[in-house]
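Below are the chains, spelled out letter by letter.
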Amino acid sequence: MLRFFLRRSAVAVAVALTVLTLAFLLTRVSGDLAISIAGPNATAADVEAIRQAYGLNRPLYVQYFDWLGRAVQGDFGESYFFRDRVSNLIASRMPVTLTLGFVGLAVALVVSLPLGILAAVREGSWVDRAVGLVAMIGQAMPSFWLGLVLMIVFGLQLAWLPISGNDEWQGYIMPGVVLAFSAIPSLTRLTRSGMIEALASDYIRTARAKGLTRLSILVKHGFRNAAIPVVSIAAVQLGFMLGGSVVIETVFALHGVGFLAWESISKNDFPVVQAVVLVLAVIYIGLTLLADLLNAVLDPRLRTA
């Protein structure tokens, strides 16, 4: 178990460093940062002054290790556009993104778990095929397109929900539903396969022989064991949702970390872009590591790995 945890932790650190390095290099190869900061009307002297002020005239490896040393301490520098500490900007926007992520995960679980159980109970029937079709459509549907459709129907035509902003709690409903569609297919299929395996096991046959009710067998015995892998995958899906919040927050104008990333990209505010990519990647890596640990705890084969 300890070796398994150490191996996974080493991989997580390596992935985090890779993402950090790529985030730094991609912002550098996209153009001259000094020109981007100075603007199109700046003179050559202005550009050179900015290059010296921000240390952009130093060798690339010096800039990288300087940024790396500050980033691991939580210091991401100052925003070029917002004129504030990047860490403060992310901290102020993160509650919106986390709320949206948890709403999306809750919607995904509420929809996918009953569908997966129903498909498993009716394995091979038209119900099973219909659930598979719904999962396939959800997997293929672009999130931004679904968001626009919901805005037109429920926001403009029916006027049931706000189409943008997060001033009211209702503003999280449509974005949460759109975000959930990316996780519903995988969670549904995983629940279905886990329930089919559980219902074919010996302890289910024993429960039936004891005369237990069908509902008791499904919930207390079947689903309780089938839900074990779903819990760990749900943590990974939450990481996917937080990463996908860039598109959803932009569509619905939710002022979270994703919307901050879009604003920063449009303004060439590279310190914010680098920090957002790193923070979202670290959150995803952390959730993936948590899922691996849950699997290790619940899987006897991994406890001795």
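Right above here is the structure, for reference.
Keep in mind it's a predicted model, so treat the numbers as computed, not measured.

A.B. asks: Hey, could you go over the overall build of the protein chain for me, with residue numbers and the actual values?
C.D. replies: From N to C terminus, the protein chain includes 14 helices and zero strands. When the helices and strands of the protein chain are placed in sequence order, the string is α-α-α-α-α-α-α-α-α-α-α-α-α-α. Put simply, the protein chain has 305 residues, and 40% of those count as buried. Long-range pairs, those at least 24 residues apart, make up 72% of the contacts in the protein chain with a sequence separation of at least 6. Here the protein chain has roughly 16,100 Å² of accessible surface; of this, 67% comes from carbon and sulfur atoms.

A.B. asks: Talk me through the side chain of R93; I want residue IDs and the actual numbers.
C.D. replies: Tracing the backbone through its elements, the reader meets R93 in helix α5 (residues 86-121). If we skip the residues at most four places from it in the chain, R93 touches F82, H255, G256, V257, F259, L260 and E263.

A.B. asks: Could you give me a rundown of the pattern of salt bridges, with the residues and numbers involved?
C.D. replies: Applying the stated criterion across every chain yields a total of five salt bridges. Of the charged contacts, one joins R85 and D75 as a salt bridge, the two residues approaching to 2.3 Å between their closest N and O atoms. One end of the pair, R85, is in the loop between α4 (60-71) and α5; the other, D75, is in the loop between α4 and α5, with ten residues separating them in the sequence. Connected through salt bridges with shared partners, the residues R58, D66 and R70 form a single ionic network.

A.B. asks: Describe the packing of aromatic side chains, with residues and values.
C.D. replies: A complete count under the given rule lists three aromatic pairs for this structure. Both rings, one in Y64 and one in F65, keep their centres 5.2 Å apart while their planes meet at 70 degrees; by these two values the pair is edge-to-face. With relative accessibility at 13%, the residue Y64 sits in the buried group. In this structure F65 comes out as exposed when scored by relative accessible area, which is 54%. Ring centres 5.9 Å apart and planes at 45 degrees place the aromatic pair F154 and W160 in the tilted group. What makes W160 exposed here is its relative accessible area of 59%.

A.B. asks: Give me the environment of V96: which residues, what numbers.
C.D. replies: For V96, the location among the structural elements is in helix α5. A relative accessible area of 9% means that V96 is categorised as buried. On a C-alpha basis, the gap between V96 and V257 in space is 7.6 Å, while along the polypeptide they are 161 residues apart.

A.B. asks: Which residues make up the packing of helix α7 (residues 143-157) against helix α8 (residues 173-180), and what values go with them?
C.D. replies: For the pair α7 and α8, interaxial distance at closest approach is 9 Å and the crossing angle is 145 degrees. In this structure, the crossing between α7 and α8 has a hand that is right-handed. For the pair α7 and α8, contact is made by S143, L146, G147, L150, M151 and F154 and by M174, V177 and V178, respectively. Looking at side-chain class alone, the contact of α7 with α8 contains seven nonpolar, two polar and no charged residues.

A.B. asks: Give a description of the nonpolar core that names residues and reports values.
C.D. replies: Judged by nonpolar contacts, the single largest core of 26 residues is most densely connected at L100, A108, M174, V178, M241, I248 and F252. With residues near it in sequence (within four places) discarded, V178 still touches S143, L146, G147, L150, I248 and F252. Listed in part, the 20 residues of the second largest apolar core include A261, A275, L278 and V279.

A.B. asks: Let's hear about the packing of α5 against helix α9 (residues 184-199): which residues, and what values?
C.D. replies: Interhelical geometry of α5 versus α9 gives an angle of 40 degrees and a closest axis separation of 7 Å. One way to sum up the angle between α5 and α9 is to call them oblique. Here the hand of the crossing between α5 and α9 comes out right-handed. Contacts from A108, L109, V111, S112, L113, L115, G116, I117, A119, A120 and V121 of α5 reach α9 at I184, L187, T188, T191, R192, M195, I196 and L199. In the contact of α5 with α9, the residues fall into 14 nonpolar, four polar and one charged.

A.B. asks: Quick rundown of a nonpolar patch on the surface? Include the residues and the values.
C.D. replies: On the surface, a cluster of nonpolar side chains totalling about 390 Å² of accessible area is made up of F144, W145, L148 and V247. Tallying contributions element by element places α7 first for the nonpolar patch, with three residues. The topology assignment puts V247 in helix α11 (residues 214-252). A relative accessible area of 39% places V247 in the partly exposed class.

A.B. asks: Can you break down helix α3 (residues 44-53) residue by residue, with the values?
C.D. replies: For α3, the full list of buried residues reads V47, I50 and R51. Across the axial projection of α3, the buried residues extend over an arc of 100 degrees, all falling on one side. In α3, the exposed residues that point more than 90 degrees away from the buried face are A45, Q52 and A53. With its phi angle positive at about 70 degrees, G55 sits one or two positions after the end of α3.

Thresholds, definitions, all that
- Residues numbered from 1 in each chain as written.
- Predicted model: local features only at pLDDT ≥ 70, side-chain atom pairs only at ≥ 80, totals over all residues.
- Heavy atoms only, no water.
- Helix = DSSP H or I, 4+ residues; strand = E, 2+ residues; numbered from the N terminus.
- Buried < 20%, exposed > 50% of the residue type's maximum accessible area, 1.4 Å probe, protein only.
- Contact = heavy atoms within 4.5 Å.
- Areas by Shrake-Rupley, 256 points an atom, 1.4 Å probe, with all protein chains shown as cover.
- Salt bridge = Lys/Arg side-chain N within 4 Å of Asp/Glu carboxyl O.
- Phe/Tyr/Trp six-rings, centres within 6.5 Å; stacked < 30°, edge-to-face > 60°.
- Axes fitted to C-alpha atoms, helices over the stretch in contact; angles between N-to-C directions.
- Left-handed = near helix turned anticlockwise from the far one by under 90°.
- Nonpolar A, V, L, I, M, F, W, Y, C, P; charged D, E, K, R; others polar.
- Core = buried A, V, L, I, M, F, W, Y, C linked by side-chain atoms within 4.5 Å.
- Parallel < 35°, antiparallel > 145°, perpendicular 65-115°, else oblique.
- Patch = residues over 30% accessible without salt bridge, like charges linked within 9 Å, V, L, I, M, F, W, Y side chains within 5 Å.
- Arc of directions from axis to C-beta.

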